[in-house]
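Overview (structure and organization)
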Amino acid sequence: MKRMSVALVVAGLLSVTIPGGAVHAAPASESLDSVVAAVKKQFAKKSSVRFSVRRRGGPPPSEDLKISGAYRFNASGMYAADLAEISYEKAATGRSREITIGREFYSQSYVRSDEGKYTWKSPPTLGEWTYGRNFAGVVWGKDLVNAINPGFLELIASYGATSADGGTFEGVKTTLHSGTVTVLDLGERQAGISFGTEAGGPGSFGG
């Protein structure tokens, strides 16, 4: 069984960027229920959101990871994504750009050593893109460790998340929700870190 500690900072529940400006949901209550409701409301509106994530440690070869980008929603969740990823490895740095539109997927990535040598490129020529369709690993799912995934938020809530004043971000009052949950399985695919209720799923971490 694996435990993960989670801290979510929610700006007025959710800060969503749509044409014409930013929309902020109502102030958060002490329960994550209101956060889940706000996220699902933005799905229904087919809004979008910008985000950034930092992960310390993880499965080899990556040690630390930064991801930033934007999601476009439909009624079921994420419909399109544009992600930029930087992974820090021993004596090297990996960079990638991934664009998902429905089940269409485009990507370009490379790993460059600290001496400036490219040790890996996909596709082999910089600036070109790989293309694929119906790749299960890039599709949004209810099993993703993600602050805009209602399934993940509901998992945290079931373990008794706590809330506190998170200060302000870009002039918007935020609420900090924190919690620790236990799952049987953690894995990773291109769409993100996934959790499972059964051990040994595809792409699961060791340990």
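The preceding data block contains the structure.
Residues numbered from 1 in each chain as written. Predicted model: local features only at pLDDT ≥ 70, side-chain atom pairs only at ≥ 80, totals over all residues. Heavy atoms only, no water.

In terms of regular secondary structure, the chain is built from two helices and 14 strands. Counting across all 207 residues of the chain, residues that qualify as buried make up 37%. Accessible surface for the chain amounts to roughly 11800 Å². Of this, 54% is attributable to carbon and sulfur atoms. (Helix = DSSP H or I, 4+ residues; strand = E, 2+ residues; numbered from the N terminus. Buried < 20%, exposed > 50% of the residue type's maximum accessible area, 1.4 Å probe, protein only. Areas by Shrake-Rupley, 256 points an atom, 1.4 Å probe, with all protein chains shown as cover.)

This brings us to the packing of aromatic side chains. Counted by the stated rule, this structure contains seven aromatic pairs. On the basis of an interplanar angle of 10° and a centroid distance of 4.6 Å, the ring pair of F51 and Y71 is categorised as stacked. You can see F51 sitting in strand β4 (residues 48–56) and its partner Y71 sitting in strand β5 (residues 64–74), a full 20 residues away along the chain. In terms of burial, F51 and Y71 fall into one category: buried. (Phe/Tyr/Trp six-rings, centres within 6.5 Å; stacked < 30°, edge-to-face > 60°.)

Moving on, we get to helix α1 (residues 33–45). Between its terminal C-alpha atoms α1 stretches 19 Å, which fits the 18 Å expected from 13 residues at 1.5 Å a residue. Residues of α1 that are buried: V35, V36, A38, V39, Q42 and F43. Taken around the axis of α1, the buried residues stretch over an arc of 165°, which confines them to a single face. Exposed residues lying more than 90 degrees from the buried face of α1 are D33 and A44. One or two steps after α1, the chain reaches K46, where phi turns positive at roughly 60°. (Expected span 1.5 Å × (residues − 1). Arc of directions from axis to C-beta.)

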